[in-house]
Structure formats: structure tokens, C-alpha cells
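Architecture and fold: a report
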Amino acid sequence: MQKNQGNSVILVLGGVRSGKSRYAQQLAEHSSRVTFVATAERRDDEEMHRKIERHRADRPAHWTTVEEPIALVRVIQTSEDNCDAILIDCLTLFGANLMEAYGSNKAGLEACIEDLCVALKATSRKVILVSNEVGSGVVPAYALGRRFRDVVGEINQRVATVADTVLLMVAGLPLTLKGSLEGGHR
């Protein structure tokens, strides 16, 4: 599929507390109408509840927030007319959600990742995606942890392939791995 020339796909990678969400939000703030897509689900986890509330408080109130753990393609497609930019935070939880939804159905999980990449190529909006860089850590001791690392690593690689710009956040500083940012955002 040919890439739509009107869009820009930016992947912001980084470790835990690297500043990736904050930086992605700063990039999105250059657009007037933003749809924020939260992939985290409210579950019985007080720490996650606090993190969700902190992120909500940090976002501009006029942004549209969509809570969607899996159907990112649908959100991208239905947001086309309502926004200038879509910020998806984060692909790491999206990967965990896919694992939970698809279980051992590897073909279904891979099709969902492929559909996301096709939607990113086809959209006419700026899309900023946040994800953890999971390949630099210790090899997980358990099979499920290794599978999670592999799923998120595959998502990151596939999205990076279609992205115009890929950034790696280290200590709050963006390192450009692919492409460049318009206007020299730092």
C-alpha cells in the first residue's frame, strides 16, 4: 500500500520514566485538535489508577480522550474528521492487551499488528505512538515475560518500519533514530 503523503507517523520509544509520554504530548500540542488514545484499562490496580489520573491531569482539557485497549485501527479510522493529530499511549500495553485477547492465536495477533501498520500508512493525520523499548533489558525468567518482550519488540519493529520518524528517549532527551522532526522540536 502506498503511503498517504499528508500524514506523519512518529514513534517515540524509551525505557520506563525516560520522558517518552511527556515528549510525545509536547509533539501533539503543536496540533490544535488532538485525539488521545489510552490503551490502559482501569483494573483493580491502585498504582495504575494513580498513573492514569496523573496522565489525565497533564493533558490539555480540550483534547478528546478515547480509551481503547485493542481496536486502534478503528480509532484511527473514525478520528480522521475530528482531529489533526492522534496520540496513542502506549503500544506496550496494547501488546499486553493483544496477548490477553488472542492467547495462543499467533495469526490473529499478527493480523492485528499488520492492520495497525496498514492504518498508519493510510491515515491523513499525524499519528504519534509511544512504546517501551523492551530489547535492552534482562531476558525475562519466565516464558510469558519472554513472549511479552517478543510481542512488544515485534510491534515496535513493524511500526518503526512504517514510521516517518523514530525517536529514542534517554533521560528526557530525544535521540533521532529515523527521519527528522519538523521545526527542530526538542
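In what follows, the accompanying structure is described. (Residues numbered from 1 in each chain as written. Predicted model: local features only at pLDDT ≥ 70, side-chain atom pairs only at ≥ 80, totals over all residues. Heavy atoms only, no water.)

**Some words on a positive patch on the surface**
Taken together, the side chains of R17, R22, K51 and R54 make up a positively charged region of the molecular surface. Looking at the element boundaries, R22 is found in helix α1 (residues 20–28). Classification of R22 as exposed rests on a relative accessible area of 56%. (Patch = residues over 30% accessible without salt bridge, like charges linked within 9 Å, V, L, I, M, F, W, Y side chains within 5 Å. Areas by Shrake-Rupley, 256 points an atom, 1.4 Å probe, with all protein chains shown as cover. Salt bridge = Lys/Arg side-chain N within 4 Å of Asp/Glu carboxyl O. Lys, Arg positive; Asp, Glu negative; His and termini not counted. Charge placed at Lys NZ, Arg CZ, Asp CG, Glu CD. Helix = DSSP H or I, 4+ residues; strand = E, 2+ residues; numbered from the N terminus. Buried < 20%, exposed > 50% of the residue type's maximum accessible area, 1.4 Å probe, protein only.)

**Quick word on the packing of aromatic side chains**
Considering all chains together, one arrives at 0 aromatic pairs under this definition. Positioned above the aromatic ring of F36 is the side chain of R59, whose terminal nitrogen or guanidinium carbon lies 3.8 Å from the ring centre. (Phe/Tyr/Trp six-rings, centres within 6.5 Å; stacked < 30°, edge-to-face > 60°. Lys NZ or Arg CZ within 6 Å of the ring centre and 35° of its normal.)

**Describing the environment of Q25**
Position of Q25 among the secondary structure elements: in helix α1. When the C-alpha positions of Q25 and L87 are compared, they lie 7.5 Å apart, and in sequence the two are 62 residues distant. Excluding residues within four positions of it along the chain, Q25 makes contact with D58, R59, P60, W63 and L87. Within the structure, Q25 has its side chain in polar contact with the backbone oxygen of D58 (distance 2.6 Å). (Contact = heavy atoms within 4.5 Å. Polar contact = N/O pair within 3.5 Å; in protein donor to acceptor, adjacent residues only side chain to side chain.)

**Here we look at the pattern of salt bridges**
On inspection of all chains with the given rule, the structure shows 6 salt bridges. In this structure, E68 and R74 form a salt bridge, with 2.7 Å as the shortest nitrogen-oxygen distance. Residue E68 is classed as buried on the basis of its relative accessible area, which comes to 12%. Between D150 and R149 there is a salt bridge; the shortest N-O distance is 3.0 Å. By relative accessible area, R149 is classed as partly exposed at 22%.

**Considering the nonpolar core**
Of all hydrophobic cores here, the largest spans 30 residues; its most connected members are L11, I88, L91, L120, L129 and V159. Counting residues per element, the ones that place at least two in this core are β1 (8–14), α3 (72–79), β4 (85–89), α4 (91–102), α5 (106–122), β5 (126–132) and α6 (143–162). If you tally residues by element for this core, the top one is α5, at 7 residues. By size, the runner-up hydrophobic cluster in this structure holds 18 residues, among which are W63, L87, L167 and L181. (Core = buried A, V, L, I, M, F, W, Y, C linked by side-chain atoms within 4.5 Å.)

**Here we look at the sheet that holds strand β7 (residues 173–178)**
Paired through backbone hydrogen bonds, the strands of a sheet run either parallel or antiparallel to each other. On the basis of which strands lie adjacent, the open sheet formed by 7 strands has the order β3-β2-β4-β5-β1-β6-β7 and mixed pairing. Only two strands of the sheet have a single neighbouring strand rather than two, namely β3 (64–67) and β7. Strand after strand, the sheet turns through a mean of 20° between neighbouring axes, direction not considered. Two elements, β1 and strand β6 (residues 165–170), share 5 bridges in a ladder whose sense is parallel. Bridge pairing in β6 links V12 to L167. Along the sheet, α1 contacts β1, β2 (34–38), β4, β5, β6 and β7; its crossing angle with β5, the most-contacted strand, is approximately 175°. (Pairing = 2+ DSSP bridges. Axes fitted to C-alpha atoms, helices over the stretch in contact; angles between N-to-C directions.)

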